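Structure assessment
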2 protein chains.
Amino acid sequence: MSTDRNERHKKAMQRRKALVDEKVAQAQEERGVLIVLTGNGKGKSSSGFGTVIRCLGHGYKAGIVQFIKGTWDCGERDFILERCPEVPFHIMGTGFTWETQDRERDMEAASQAWEKAEALLKDESLHLVLLDELTYVLKYGWVTQERIFEALKNRPREQSVIVTGRAASKALCELADTVSVVDVEKHAFQAGIKARKGIEW
Amino acid sequence: MSTDRNERHKKAMQRRKALVDEKVAQAQEERGVLIVLTGNGKGKSSSGFGTVIRCLGHGYKAGIVQFIKGTWDCGERDFILERCPEVPFHIMGTGFTWETQDRERDMEAASQAWEKAEALLKDESLHLVLLDELTYVLKYGWVTQERIFEALKNRPREQSVIVTGRAASKALCELADTVSVVDVEKHAFQAGIKARKGIEW
């Protein structure tokens, strides 16, 4: 490796550091944020759960409501219930809507789960609330947007919230501070590979 | 809510279930997968760590090598080190390359970290290996693509691997079974909100 290349690398990295430092200096408002993780790609719920353990790793408290996946075997849920018993964790009591095929039952279960979410969104001790798969509740109209947005807007100033799920509405993305869209470039499933326990769920 | 709407919902969900069931029936190959989580949006590393706890929740074993972020305070790392001491976890001993500004030191540290990764990629007891921020090692040429790809290709058949980081190369995406691209639709940072401990890191 030539000295030239090392020197060029050093100069490029000095410029990069100056840019990064400048951006960091400009961002000075401190408050909790609303993050939406949407799109059709793999990684939304797992990112939400990963941020929960990030938060716990710093000694903060977090709470979780899991919509939709109630009857679905789910490793991250088992993990949190077993190893993080201090985390309030509520699970909507029905499965995917194409499994239940019963709109009234879905609505009732969603409404009950949303009440649990409302309680977490008032709890000042929580640094983070994960609302896993909440987008479907909005999409299917099981709980009104008005009721959901009111609780999100009135949460404690220091509390961050992560909402996951496909097809996040435009209104939800406008309300959010950060929106990541996870796109599928390719998926093993499309190539005939079976969904993998411990990886896909 | 009218009976009509409930009936329409039921029929739509029956069609949806038939489609889902058909796709599931078609995917029959069973083996570990290589997943790449790339793009500039928030959520890649946290998704990797979330999948680690998903895997542990099912009673499987997982291992982690964290490149780049060695000197960076990081809640998910503290969490795993404290609560999951059974997880092999190796950390590359230098920080972001624009902080070190020293290419030779970065290369040496990356090479040492890659040796740890090679050991995990031979360990049949591991259901999942997370190679967090590995894309930068490839991008900066700290370890050759040939050496990295050889270990990825020759890993145990049942082992899955997650590679995270921006700017994953075309060759890496071709090798992968699943590629998710996390795009920024918006980010709190752009609106002047300071990166949040327990959320962003």
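Residues numbered from 1 in each chain as written. Chains lettered and ligands numbered in written order. Predicted model: local features only at pLDDT ≥ 70, side-chain atom pairs only at ≥ 80, totals over all residues. Heavy atoms only, no water.

1. Here's the deal with the overall build of chain A
Scanning chain A from terminus to terminus reveals eight helices and six strands. Listing the helices and strands of chain A from first to last along the sequence gives α-β-α-β-α-β-α-α-β-α-α-β-α-β. Across its three principal directions, the C-alpha atoms of chain A cover 70 × 45 × 35 Å. Within chain A, the fraction of its 201 residues that count as buried is 56%. (Helix = DSSP H or I, 4+ residues; strand = E, 2+ residues; numbered from the N terminus. Buried < 20%, exposed > 50% of the residue type's maximum accessible area, 1.4 Å probe, protein only.)

2. With respect to the relation of the copies chain A and chain B
Expressed as a screw transformation, the operator carrying chain A onto chain B has a rotation angle of 180° and an axial translation of 0.0 Å, and the superposed copies differ by an RMSD of 0.0 Å. Such a turn and shift between the copies fits a two-fold axis. An overlap of 100% is found between the interface residues of chain A and their copies at the interface of chain B, pointing to a shared contact surface. (Least-squares fit on C-alpha atoms with pLDDT ≥ 70 in both. Contact = heavy atoms within 4.5 Å.)

3. Considerations on the state of the cysteines
A complete count under the given rule lists zero disulfides over all chains for this structure. The closest cysteine sulfur to the non-disulfide-bonded C84 of chain A is located on C84 of chain B, 7.7 Å from its own sulfur. Here C84 of chain A falls in the buried class, since its relative accessible area comes to 1%. Summary of cysteine pairing: C74 of chain B is not part of a disulfide, and the nearest cysteine sulfur, belonging to C55 of chain A, is at 13 Å. (Disulfide = S-S within 2.5 Å.)

4. So, the interface of chain A and chain B
Accessible area lost upon the coming together of the parts is a frequently used measure of interface size. Every contact between the two is made by 86 residues of chain A and, on the other side, 86 residues of chain B. Both sides of the chain A and chain B interface together cover about 8000 Å² of buried area, and 55% of this is carbon and sulfur. Taken together, the connections running from chain A to chain B amount to eight salt bridges. For E86 of chain A, the salt bridge is made with R83 of chain B, and the minimal N-O distance between the two is 2.8 Å. Taken together, the connections running from chain A to chain B amount to 47 residue pairs in polar contact (both at pLDDT 80 or more). Of all the elements, helix α1 (residues 3–26) of chain A adds the most residues to the side of chain A that touches chain B, at 12 residues. Class assignment for the residues of the side of chain A that touches chain B results in 32 nonpolar, 25 polar and 29 charged. Where strand β6 (residues 178–186) of chain A lies against strand β6 (residues 178–186) of chain B, seven bridges are found, and the strand directions are antiparallel. (Buried area = accessible area lost by both parts, 1.4 Å probe. Salt bridge = Lys/Arg side-chain N within 4 Å of Asp/Glu carboxyl O. Polar contact = N/O pair within 3.5 Å; in protein donor to acceptor, adjacent residues only side chain to side chain. Nonpolar A, V, L, I, M, F, W, Y, C, P; charged D, E, K, R; others polar. Pairing = 2+ DSSP bridges.)

5. Let's talk about empty space enclosed by the protein
Regions of empty space are outlined by a rolling probe, equal in size to a water molecule, passed over the atoms. Taken as a whole and judged by the stated rule, the model has one cavity of 30 Å³ or more. In terms of lining, the largest cavity is formed by 13 residues, of which the most central are G43 and V182 of chain A together with G43, S47 and V182 of chain B. Elements represented by at least two residues in the lining of the largest cavity include exactly β6 of chain A together with α2 (44–57) and β6 of chain B. Looking at the lining of the largest cavity residue by residue, the classes come out as four nonpolar, six polar and three charged. (1 Å grid on protein atoms, 1.4 Å probe; cavity = no way out; pocket = protein on both sides within 12 Å on 5 of 7 lines; lining within 4 Å. Points joined across faces, edges and corners; volume = space filled by probe spheres on them.)

6. Remarks on the domain arrangement of chain A
If you check the domain split of chain A, you get domain 1 (1–30) and domain 2 (33–191). A C-alpha centroid distance of 36 Å is found between domain 1 of chain A and domain 2 of chain A. (Domains from an automatic or database assignment.)

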